[in-house]
Amino acid sequence: MNASLSSRVSSFVRVAALGLATGAALTGCGAAPEDAADDLEVGVSESPWTEAREGTFADGQLRLVNAIARPFDLRVEHGDRGGCIYLSLQAFALLYPGERYSTPSCFRAADRERVSSLYATPASPYEMPDQEVHTPAGVPDFTVRVTGLRVLGTSATIEADGMHLRANVAININAYSWLVDPTAQLSNVAIDARIVTNRGYLAADQVRVDLGPWNVNCGAADWCAGYVSDAISAQRESLEVKVQNKLNAFLWKSETYGYVYNLLGRVENTLNAGTNPSPWAVNFGSLRFAGGAFRYDAVRTGLASTPSCEVRVGCNGTAVLQCAADADRFIVEQGARSVATVASEGRSATTRIVDRGLETNGKRQSYRVCAVSTDARGMERSRNCTAVSFVAASPVECKDTTTTVVASSGK
């Protein structure tokens, strides 16, 4: 039962994948509106494209999570009067959602219902029922009760057959009878829970418990040591079943399910962002264990919006073209004989293009600016372009003018 708590904390692997934001195109001002609007090539922006990949969460990613969040750095001390849990801020938030962080988090045995609701399965001595030990006629029967429990260390690794949550636990036991009250100490109970997947959920499919050595103190009545030891030995298999059932009750909670997929999404966007700023979203229910790693399906929507542009014409023979779009980069396909540009990228990205060789002789000026979207490999996936056309004023008639243009000529 103690393993249930440590395994729950150790399975710091819960909340939903990131949603995809929708970028807004920026618009501005413009240069002789009556001239600019007539000759624009107006088209339809391409639909956003999607990119899919299979993500992998192996032991390296688990070590990275542990290095940052340290979910396995914890100590647990329980007794028949309650207990305390010493754990990191991140693990505390997992086990006590919405509650104020405090270390240690202590509670009394009377808090049983509250602790049960928080943990799904509190691994505490008062959740381990008393065991009746029947001895031969003439020898007193015993009631065996767990009175103390300490989690000495926890760890998690992803191996060829699944993720292994391990804990070392010390357990104190009292046995009660009308004749003697023996005690026992189990100093190093080793628990190994193997975690795989079941229909997109994490699931414990195997739990192994090694009770290790123990000492029984019967005082002067050494005859009871054997009976108490037999009672302890008989609990190993039932303890494995209880730990597995309780652990699965935690892993199959909706909060745990959501947290797992949110964690996968954060890892995916940290390690595999590529050149595209659109976030990856992990498909719910796609988690599976295969080839020594957890695998999942991730998808993201590529950037694809038409540039919204404005052009400012100055009397010094300079035109400044500023465009905004959802894009990884901008290119100028036409116009701007001397280009000086600074561009951002991503949602509502902008670029500024300066044409220092503007002709103010009454001829029509044309620009064509494209917003380009690339996938994680850097390959171009979409190109949406805007055409801007205007006639600049002559020096004699010159007044600084601005025209706003929102148009597209397609790919």
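All residue numbers refer to positions counted from 1 along the written sequence of the respective chain. Only residues with pLDDT of 70 or above have their local features reported here, since the model is predicted, and side-chain atom pairs are shown and tallied only from 80 upward, although totals for entire chains, interfaces and linings are computed over all residues. Note that the side-chain values use all heavy atoms of the structure and ignore hydrogens as well as water.

Caption draft 1: Focus on the overall build of the protein chain. Helix numbering and strand numbering both begin at the N terminus, where a helix is a DSSP run of H or I of at least 4 residues and a strand a DSSP run of E of at least 2. The helix and strand inventory of the protein chain stands at eight helices and 21 strands. By the burial criterion, 49% of the 411 residues in the protein chain qualify as buried. The cut-offs for exposure are 20% and 50% of the maximum accessible area for each residue type, with area from a 1.4 Å probe on protein chains only; residues under the lower value are buried, those over the upper are exposed, and the others partly exposed.

Caption draft 2: Structural detail: helix α3 (residues 59-69). Buried within α3 we find Asp-59, Gln-61, Leu-62, Val-65 and Ala-69. Axial view of α3: buried residues confined to an arc of 160°, hence all on one face. Every exposed residue of α3 that faces more than 90 degrees away from the buried side is listed here: Arg-63, Ala-67 and Ile-68. Once α3 ends, the next one or two residues include Arg-70, with phi positive near 50°. It is the directions from the helix axis to the C-beta atoms whose arc is reported.

Caption draft 3: Here's a closer look at the state of the cysteines. The disulfide criterion used throughout: a pair of cysteine sulfur atoms within 2.5 Å. Counted by the stated rule, this structure contains three disulfides. Each disulfide pairs two cysteine sulfurs, and for Cys-218 the partner residue is Cys-224, the sulfurs being separated by 1.7 Å. Here the S-S torsion is close to -120°, and the disulfide linking Cys-218 with Cys-224 is therefore left-handed. Cys-224 carries the same exposure label as Cys-218, and that label is buried. Linked covalently through their sulfurs, Cys-309 and Cys-323 form a disulfide whose S-S length is 2.2 Å. Because the sign of the S-S torsion sets the handedness, a value of about 110° for the bond joining Cys-309 and Cys-323 places this disulfide among the right-handed ones. Taken together, the positions of Cys-309 in strand β14 (residues 308-313) and Cys-323 in strand β15 (residues 319-327) put the pair 14 residues apart, joining distant regions of the chain. Cys-309 gets classed as buried once you look at its relative accessible area, which sits at 1%.

Caption draft 4: Inspection of the pattern of salt bridges at higher detail. Between Lys or Arg on one side and Asp or Glu on the other, a salt bridge is scored when a side-chain nitrogen of the former is within 4 Å of a carboxyl oxygen of the latter. This model, assessed by the stated rule, comprises 18 salt bridges. Glu-310 is the salt-bridge partner of Arg-312, the closest N and O atoms lying 2.1 Å from each other. Residue classification places Arg-312 among the partly exposed positions, given a relative accessible area of 36%. Owing to a relative accessible area of 8%, Glu-310 belongs among the buried residues under this scheme. Through salt bridges with shared partners, one network takes in Arg-329, Glu-333, Arg-368, Glu-380 and Arg-383.

Caption draft 5: Broad picture of the packing of α3 against helix α8 (residues 254-271). The N-to-C vectors of α3 and α8 enclose an angle of 100°; their axes lie 12 Å apart at closest approach. Considering the angle they form, α3 stands roughly perpendicular to α8. Judged by residue contacts, Gln-61, Leu-64 and Val-65 of α3 engage Leu-263, Val-267 and Leu-271 from α8. Residue polarity is assigned by list, with Asp, Glu, Lys and Arg as charged and Ala, Val, Leu, Ile, Met, Phe, Trp, Tyr, Cys and Pro as nonpolar; anything else, Gly included, falls into the polar class. Of the residues that constitute the contact of α3 with α8, the class distribution is five nonpolar, one polar and no charged. With axes taken as lines fitted to C-alpha atoms, and helix axes fitted only over the stretch in contact, angles between N-to-C directions fall between 0 and 180 degrees. Comment on the angle field: the value is read as roughly parallel under 35 degrees, roughly antiparallel over 145, roughly perpendicular from 65 to 115, and oblique elsewhere. Contacts are residue-level and defined by heavy atoms, with any inter-residue pair within 4.5 Å sufficient.

Caption draft 6: Representation of the layout of surface pockets within the structure. In this model, the largest pocket occupies a volume close to 240 Å³. Contributions of two or more residues to the lining of the largest pocket are made by α3 and α8. Considering only residue class, the lining of the largest pocket consists of eight nonpolar, two polar and one charged. Both cavities and pockets are sets of points on a 1 Å grid over the protein atoms alone; in a cavity a 1.4 Å probe fits but cannot get out, in a pocket the set is open with protein on both sides within 12 Å along at least five of seven lines, and lining residues sit with an atom within 4 Å of a point. Grid points are joined across faces, edges and corners, and a volume is the space filled by probe spheres set on the points.

Caption draft 7: Region of the structure containing the confidence of the model for the protein chain. The pLDDT value tells you how sure the predictor is about a given residue, anywhere from 0 up to 100. Overall, the prediction assigns the protein chain a mean pLDDT of 75, with 75% of residues at 70 or greater. Note that pLDDT drops below 50 for residues 1-45; the model gives that stretch 173 contacts with residues more than four away or on any other chain.

Caption draft 8: Expanded view of the packing of aromatic side chains. In summary, the pairing rule links any two rings of Phe, Tyr or Trp, Trp by its six-membered ring, whose centres are within 6.5 Å, and it sorts them by plane angle into stacked for under 30 degrees, edge-to-face for over 60 and tilted for everything else. What the rule picks out here adds up to six aromatic pairs. On the numbers, 5.9 Å between centres and 15° between planes, the contact of Tyr-367 with Phe-390 is stacked. Here Phe-390 lies in strand β20 (residues 380-391) and Tyr-367 lies in strand β19 (residues 364-374), a separation of 23 residues in the sequence. Members of the aromatic cluster, joined through ring pairs, are Tyr-201, Tyr-257, Tyr-261 and Phe-284. The ring of Trp-280 is capped by Arg-53, whose NZ or CZ atom sits 6.0 Å from the centre of that ring. When the NZ atom of lysine or the CZ atom of arginine is within 6 Å of a ring's centre and also within 35 degrees of its normal, the charge is said to sit over that ring.

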